[in-house]
Amino acid sequence: MATTVMAAALAAAGSFFVATRNNVQDEILRVETQQGVRSAMDTMVRDLRLGGACLPVSGDFVTLDSVNSTSDQIATRTGLVRPNQTCIRTTTTADISATTSTIAVETANGFTSGMRVYIRKADGTTGEIFTLTGVNVGAKTLTKATTLSQSYLLGSGVYAVDERQYAVDSSVPAQPVLTIAANGGSATPFAAGIENLTVKYQLARNCDSASGCDVVDIPANDAEFAIVNQLYITLTARSRTTLTNGQYYRITKTVSAKPRNLLPG
């Protein structure tokens, strides 16, 4: 009789132990997934809020760049500053062709080799981004190895930029990951378990209507990008392994970010 009671007690204790262990393991996976998506969102929101600082606010729009797809992509760019908090930007002092390697500028102070820069025509119509290969502060020149898409006349603007591109890499279906590519570099894993990124853009247009401001999947052109006053970032994340019920734990979160350097208010 005593043996039977003891066996029953051990079985009950064993079942309780297994259930408790499974609950703990499942909870760890849930917490990991929630922390991962929150951390990824915090970083993206911070970058998006800073987008556009020290960059032109009219003409060719460079602050945001996006791809609208099953899982979206977004790039944000921010102008860099010197230690005294002035924007690192200058103006060309001579015409340059697409293949010109040395760019004469008013000042090269603050620029460094390997820095990402944006050059824009003096009339603001078009521009492009490339990487510097050298800087001579005394001679007031910047050097590049890239062949540009067009020539730029004297008076064109040159801006130092910090560029971040976010996308989901699902090439390994069992291990989806949010990637980040900084300043023209290769995409590197940033947050494991992120399955999907969706970005929607609220425009400063029709805000007095009953339905509120226009919200689009992606701005149609530079003019619409320039009136983006809010972004809605939605991330879907899943646990790194399945729960004890055999299913992945999934969580979808949406957060808004206002690129504060684009529009006031």
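Okay, so let's go over this structure.

It is worth spelling out the sheet that holds strand β12 (residues 215-216) at this point. Sheet architecture is open: four strands sit in the order β12-β11-β13-β14, paired in antiparallel fashion. The sheet is open, and its two borders are formed by β12 and β14 (250-257), each paired with just one other strand. Relative to β14, strand β13 (residues 228-238) is paired through eight bridges, and the arrangement is antiparallel. For Arg-238, the partnering residue across the bridge sits in β14 and is Arg-250.

Within this structure, the stated rule accounts for four aromatic pairs. Ring plane angle 15° and centroid distance 5.6 Å describe the contact between Phe-61 and Phe-225, whose orientation is recorded as stacked. Taken together, the residues Phe-61 in the loop between α1 (2-50) and β1 (64-67) and Phe-225 in helix α2 (residues 222-225) connect sequence positions 164 residues apart. The exposure classification of Phe-61 matches that of Phe-225, with both residues buried.

Take the layout of surface pockets next. Looking at the largest pocket, its volume works out to about 240 Å³. Lining the largest pocket we find 16 residues, and of these Ala-192, Gly-193, Arg-238, Ser-239 and Arg-240 sit closest to its centre. Every element with two or more residues in the lining of the largest pocket is listed here: α1 and β13. Per-element accounting of the lining of the largest pocket gives the leading share, five residues, to α1. In this structure, the second largest pocket encloses a volume near 150 Å³. What lines the second largest pocket is a set of 13 residues, and nearest its centre among them are Gln-73, Ile-74, Ala-75, Gln-165 and Tyr-166. Those elements giving two or more residues to the lining of the second largest pocket turn out to be β1, β2 (73-79), β8 (157-169) and β9 (177-182). By residue class, the composition of the lining of the second largest pocket is eight nonpolar, four polar and one charged.

Ranked by size, the top nonpolar core spans 32 residues in total, and within it Tyr-201 and Leu-235 carry the most contacts. Of all the elements in the fold, those that place two or more residues in this core are α1, β8, β9, β11 (194-203), β13 and β14. Of the residues forming this core, the biggest block, seven residues, is contributed by α1. Excluding residues that lie within four positions of it along the chain, Tyr-201 makes contacts with Ser-66, Ile-74, Asp-214, Val-215, Val-216, Asp-217, Ile-218, Pro-219, Phe-225, Val-228, Gln-230 and Leu-231. Grouped together as the second largest cluster of nonpolar side chains are 17 residues, Ala-98, Ala-108, Phe-111 and Ile-119 included.

The rules behind these values
- Residues numbered from 1 in each chain as written.
- Predicted model: local features only at pLDDT ≥ 70, side-chain atom pairs only at ≥ 80, totals over all residues.
- Heavy atoms only, no water.
- Pairing = 2+ DSSP bridges.
- Helix = DSSP H or I, 4+ residues; strand = E, 2+ residues; numbered from the N terminus.
- Phe/Tyr/Trp six-rings, centres within 6.5 Å; stacked < 30°, edge-to-face > 60°.
- Buried < 20%, exposed > 50% of the residue type's maximum accessible area, 1.4 Å probe, protein only.
- 1 Å grid on protein atoms, 1.4 Å probe; cavity = no way out; pocket = protein on both sides within 12 Å on 5 of 7 lines; lining within 4 Å.
- Points joined across faces, edges and corners; volume = space filled by probe spheres on them.
- Nonpolar A, V, L, I, M, F, W, Y, C, P; charged D, E, K, R; others polar.
- Core = buried A, V, L, I, M, F, W, Y, C linked by side-chain atoms within 4.5 Å.
- Contact = heavy atoms within 4.5 Å.

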